[in-house]
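So the chains spell out like this:
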Amino acid sequence: MADIVVEEVRKTYVVRSGFRRTTYVEALKGVSLRVTKGSIHALLGPNGAGKTTLVKIISTLVRPDSGRVLVGGFDAVEEADKVRALIGLVLDVSKGMYGSLTGFQNLVFYGLLKGYSYSDARRRAREVLELVGLDEESAFKKPYYSYSLGMRARVGLAKALFTDPDVLLLDEPTLGLDVSSSMVIRGMLVDFARRGRTILVTGHNMREIEEISSEVTIINRGLVIAQGGINELKRKLGLANVLSIKLEGAGSREFISRLKEGLQIIKVEANETSVASSYRVYARNSREEIVDAVTKLIKGTSARVVDFSIAEPSLEDAYLAVVGDTLRR
Ligand SMILES: Nc1ncnc2c1ncn2[C@@H]1O[C@H](COP(=O)(O)OP(=O)(O)OP(=O)(O)O)[C@@H](O)[C@H]1O
Ligand SMILES: [Mg+2]
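Note that the coordinates shown come from a computational prediction; the quantities given were computed from them, not determined experimentally.

What counts as what
- Residues numbered from 1 in each chain as written.
- Chains lettered and ligands numbered in written order.
- Predicted model: local features only at pLDDT ≥ 70, side-chain atom pairs only at ≥ 80, totals over all residues.
- Helix = DSSP H or I, 4+ residues; strand = E, 2+ residues; numbered from the N terminus.
- Contact = placed C-beta atoms within 7 Å.
- Buried ≥ 20, exposed ≤ 12 C-beta atoms within 10 Å, placed from the backbone.
- Pairing = 2+ DSSP bridges.
- Domains from an automatic or database assignment.
- Axes fitted to C-alpha atoms, helices over the stretch in contact; angles between N-to-C directions.

Caption draft 1: Spatial organisation of the environment of L297. As for its position among the elements, L297 is in helix α11 (residues 287-299). The contact partners of L297, leaving out residues within four places of it in the chain, are F255, R258 and L259.

Put into structure tokens, the structure is as follows:
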């Protein structure tokens, strides 16, 4: 099984438009990242950040100006063939598909190009179509041009999976998929990673990304602006876990002030009435630490804990915290 190493990759597109007009677009300005074997790493960032460019570079389709990319130890420029043999790619799903062929025929043709025998290509095409759940009628009878966006996404993924690759590079793989289809695809990706496949995925739906990946790299304007484990990232950003707690009885205030002593508090919002008091406590602590602190206090208090819940900050909170700042600049 293979990992992905990206070191200081730079890419400037040279755009010639009009009469002698040349502009330069610095798409990547020294990006580094590492995707460990068997993990799902998300590459995030606003439109135009450079995500697709990086996916193209890792998949050997675009040459970096400088820096280095290794997939399973093979150099994406010097040993492009070896890298290609290791990867499955989703990028601009409709590209390389023939509109007048069915999904099945498109995949068989792809298999033949990959060196499969005709019967092996047919067998594998059936397998991967079943895997991505494209219905029989569409897969075998309807031409590709008549497919919906979601059906195209499924065939695209089937193509990426065709060679049973060690590494999957997926540029917005669930784009255009309905809720249940994208859930099925996410489940598949998690399953692949569990079986040792290495996955780099881009996307804009933070909730989906948070569900499947453990590590993220956030880029903006070609630069890495945040990187690491999702939980670590939230902690580093000082994002708070929010404890909502409702207390009754005379000891409520004392309860909260003792709670404050035991936790790293950012702020406390209080709504105290004669009947009950509700508090929202923003703390830098983990859920476990907060539960621990509350449980310890419950035993020795005259206040009654009527209700409590802890909300974690989401990846979206973390993303907005880092990207929001850079967008405003
Ligand atoms: N072939 C190209 N020629 C010239 N400029 C390009 C080319 N491809 C991308 N760019 C530019 O490079 C920058 C990065 O583009 P890229 O497609 O990598 O961004 P992205 O993060 O994938 O964005 P999105 O979220 O919209 O897909 C953008 O400014 C884009 O306009
Ligand atoms: Mg893109």
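Caption draft 2: Broad picture of helix α1 (residues 51-58). Burial analysis of α1 places seven of its eight residues in the buried class, which makes it a mostly covered element. When we look at burial in α1, the residues that qualify are K51, T53, L54, V55, K56, I57 and I58. With its phi angle positive at about 75°, T60 sits one or two positions after the end of α1.

Caption draft 3: Just the pairing of strand β2 (residues 21-35), in detail. Sheet analysis places strand β1 (residues 4-17) next to β2, joined by twelve bridges and oriented antiparallel. Paired with R10 across the two strands is K29, which belongs to β2. Here β1 folds back onto β2 in antiparallel fashion, the turn holding three residues, of which G18 has a positive phi close to 70°.

Caption draft 4: A look at the domain arrangement of the protein chain. When cut into domains, the protein chain gives domain 1 (4-235) and domain 2 (240-312). On a C-alpha basis, the centres of domain 1 and domain 2 stand 45 Å from each other.

Caption draft 5: Just the pairing of strand β12 (residues 265-272), in detail. Burial of β12 is sparse: only zero of the eight residues sit out of reach of the surface. When β12 meets strand β13 (residues 277-283), the two strands line up antiparallel, connected through seven bridges. What sits directly across from V268, in β13, is V281.

Caption draft 6: Representation of the sheet that holds β12 in the model. Strand order in the open sheet formed by four strands is β12-β13-β11-β14, with antiparallel pairing between adjacent strands. Here the strands that pair on one side only, and so sit at the sheet edges, are β12 and β14 (304-311). Averaged over neighbouring strand pairs, the angle between their axes works out to 15° when direction is ignored. Pairing of strand β11 (residues 241-248) with β14 involves seven bridges; the strand directions are antiparallel. What sits directly across from V242, in β14, is A311.

Caption draft 7: Structural detail: the sheet that holds strand β3 (residues 40-44). Strand order in the open sheet formed by six strands is β6-β7-β8-β3-β9-β10, with mixed pairing between adjacent strands. For this open sheet the edge positions go to β6 (87-90) and β10 (223-229), each flanked by a neighbour on one side alone. With strand direction ignored, the average angle separating the axes of adjacent strands in the sheet is 15°. When strand β7 (residues 167-170) meets strand β8 (residues 198-202), the two strands line up parallel, connected through four bridges. Paired with L170 across the two strands is V201, which belongs to β8.

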